[in-house]
Amino acid sequence: MKNVAVIGAGAAGLMAACFAAKNGNKVTLFEKNEKCGKKIYITGKGRCNVTHNCSSADFLDNVVNNSKFLTGAIYSFSPEKCVKFFEEGGLRLKLERGARYFPVSDKASDVTKCLENYCINAGVNFKFSEEVKKINVLHSTVCGIITTNGEYFFDKIIVCTGGLSYPSTGSTGDGYKFAESVGHRIISLKQGLCGLNLKGDFYKNLQGLTLKNVTLSVYNGEKLLKDFFGEMLFTHFGISGPIVLSTSSLINRLDLNKIRIVLDLKPALSNEQLEKRILRDFESYKNKSISNCLKELLPSALISEILKRSNIPFDLKVNSVTKAQRLSLLTTLKNFDILVASLRDFTEAIITSGGVDVKEINPKTMESKKVSGLYFCGEVLDVDAFTGGYNLQIAFATGFAAGNSIKD
């Protein structure tokens with residue numbers, strides 16, 4: 001039997017504690033908050049997107065940084081195994097649009113309760129409102145911790161303290177300090193899955209507008225990085241929404257001055273099909289202004305900006321629109337350019353990108369290669385993925401890998 005400390009009672013920490021205890025170890029879970037899962041509680045707008053319905057291979061295709069490192073963990077604790085784990089624990093899940101799993105109850109707190117019950121049944125000892133201040137190491141091997149309440153001795157220590165995003169939930173970068181204090185390298189920390197501040201001010205007139213079923217293409221200079229299809233919205237600062245959040249994680253380590261976003265507002269229509277549609281609308285509205293004509297094709301809030309970009313007067317009669325103006329309109333609809341100014345702050349970012357350098361971590365067990373008996377799981381590691389339940393699955397899988405590896 002090993003004496004194991006787990007630091008942080010979030011998704012990774014609860015999973016690590018559960019499986020370490022199931023293996024017959026004596027496990028103590030330290031949480032500086034007064035309860036478990038504060039960040040779980042706010043994920044998925046309080047509903048908690050538990051995981052994604054996909055194969056392990058497809059899952060890894062949606063990991064932005066260090067997918068190779070995660071290969072073993074994701075295959076060992078796949079999305080399919082994750083769903084089975086929760087349902088066997090009494091949490092009923094439902095599959096929603098976009099292949100995302102949520103609790104049937106729509107309550108994120110039920111996810112935490114399920115994990116907490118697993119831990120209780122496995123014999124985990126919880127210590128709430130007790131902050132770990134230091135990890136003690138002797139001869140490159142962990143030997144204990146110092147908390148706000150005193151000193152403890154442990155054979156194994158699993159760090160699951162999260163990142164810097166949503167600091168109000170307790171994610172204040174403690175794990176990075178622990179890692180650095182014992183010689184680990186920290187990859188530069190960036191906001192992940194966050195909104196984007198835009199250059200210019202056109203978006204201010206579009207605030208509150210949601211666009212569904214659009215394609216967002218991300219370019220670094222002239223190179224196409226990736227296309228995202230789905231929903232986005234304009235805000236008081238720029239843009240947000242699912243496909244924008246994923247975009248932020250794709251570009252957060254790049255020079256944003258070289259990043260260009262191009263929206264296809266009508267991706268279901270080819271250029272030829274869209275031109276026919278425009279001509280059909282023009283015929284129906286030939287004696288009216290083009291601004292009225294476009295109400296059939298676009299949200300009202302977007303019409304003025306589209307016409308401005310197409311160099312077409314707002315009140316121009318449809319029967320006066322030239323072929324060149326019509327083609328300009330078509331081009332604007334299929335190529336709506338947006339320039340990024342900056343990422344939103346960590347206080348609004350869903351995850352932290354960057355963290356403990358995975359080159360210094362054993363991918364099978366999450367154990368440090370520098371300090372024996374020390375493990376890192378979840379967001380504290382330099383691994384992150386797009387939106388859609390992928391990041392929680394990473395937390396669960398890495399927590400499982402660490403906890404399950406600690407045996408008598």
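Residues numbered from 1 in each chain as written. Predicted model: local features only at pLDDT ≥ 70, side-chain atom pairs only at ≥ 80, totals over all residues. Heavy atoms only, no water.

As for the nonpolar core
Next, step 1: In terms of nonpolar packing, the biggest core is built from 82 residues, with Phe86, Ile157, Ile158 and Phe396 touching the most fellow members.
Next, step 2: If you tally residues by element for this core, the top one is helix α1 (residues 11–22), at 10 residues.
Next, step 3: Once you skip the residues sitting within four places of it in the chain, isoleucine 157 turns out to touch Ala5, Ile7, Ile135, Val142, Gly144, Ile145, Gly373, Leu374 and Tyr375.
Next, step 4: Core analysis: the next-biggest nonpolar cluster, separate from the first, contains 50 residues, Leu196, Met232, Val244 and Leu274 among them. (Core = buried A, V, L, I, M, F, W, Y, C linked by side-chain atoms within 4.5 Å. Buried < 20%, exposed > 50% of the residue type's maximum accessible area, 1.4 Å probe, protein only. Helix = DSSP H or I, 4+ residues; strand = E, 2+ residues; numbered from the N terminus. Contact = heavy atoms within 4.5 Å.)

Here we look at helix α12 (residues 323–334)
Next, step 1: The end-to-end C-alpha separation of α12 is 17 Å, in line with the 16 Å expected for 12 residues at 1.5 Å each.
Next, step 2: Listing the buried residues of α12 in full gives Gln325, Arg326, Leu329, Leu330, Thr332, Leu333 and Lys334.
Next, step 3: In this structure, the buried residues of α12 make contact with β17 (259–264), α9 (271–284), α10 (290–293), α11 (300–309) and β18 (336–343). (Expected span 1.5 Å × (residues − 1).)

Regarding the pattern of salt bridges
Next, step 1: Counted according to the given criterion, the structure contains 19 salt bridges.
Next, step 2: A salt bridge links aspartate 106 to arginine 47, with the shortest nitrogen-to-oxygen separation between them at 3.1 Å. Of the two residues, aspartate 106 is situated in the loop between β6 (100–103) and α6 (108–122) and arginine 47 in the loop between α2 (38–42) and β3 (51–52); the sequence distance between them amounts to 59 residues.
Next, step 3: In this structure, glutamate 96 engages lysine 94 in a salt bridge whose closest nitrogen and oxygen atoms are separated by 3.4 Å.
Next, step 4: Given the relative accessible area of 24%, lysine 94 is considered partly exposed.
Next, step 5: Salt bridges here are not isolated pairs; linked through shared partners, they connect Arg47, Lys94, Glu96 and Asp106. (Salt bridge = Lys/Arg side-chain N within 4 Å of Asp/Glu carboxyl O.)

Considering the packing of α1 against helix α13 (residues 390–405)
Next, step 1: Two elements in contact, α1 and α13, have axes separated by 7 Å at closest approach and are oriented at 30°. Taken together, the axis directions place α1 and α13 in an arrangement best described as roughly parallel. Crossing geometry of α1 relative to α13 is assigned as right-handed. Judged by residue contacts, Ala11, Ala12, Met15, Ala16, Phe19 and Ala20 of α1 engage Leu392, Ala395, Phe396, Gly399, Phe400, Gly403 and Asn404 from α13.
Next, step 2: Classifying every residue of the contact of α1 with α13 by side-chain character gives 10 nonpolar, three polar and no charged. (Axes fitted to C-alpha atoms, helices over the stretch in contact; angles between N-to-C directions. Parallel < 35°, antiparallel > 145°, perpendicular 65-115°, else oblique. Left-handed = near helix turned anticlockwise from the far one by under 90°. Nonpolar A, V, L, I, M, F, W, Y, C, P; charged D, E, K, R; others polar.)

Digging into α13
Next, step 1: For α13, with 16 residues, the first-to-last C-alpha span of 22 Å sits near the 22 Å given by 1.5 Å per residue.
Next, step 2: Of all 16 residues in α13, 14 are buried; the element is thus mostly enclosed.

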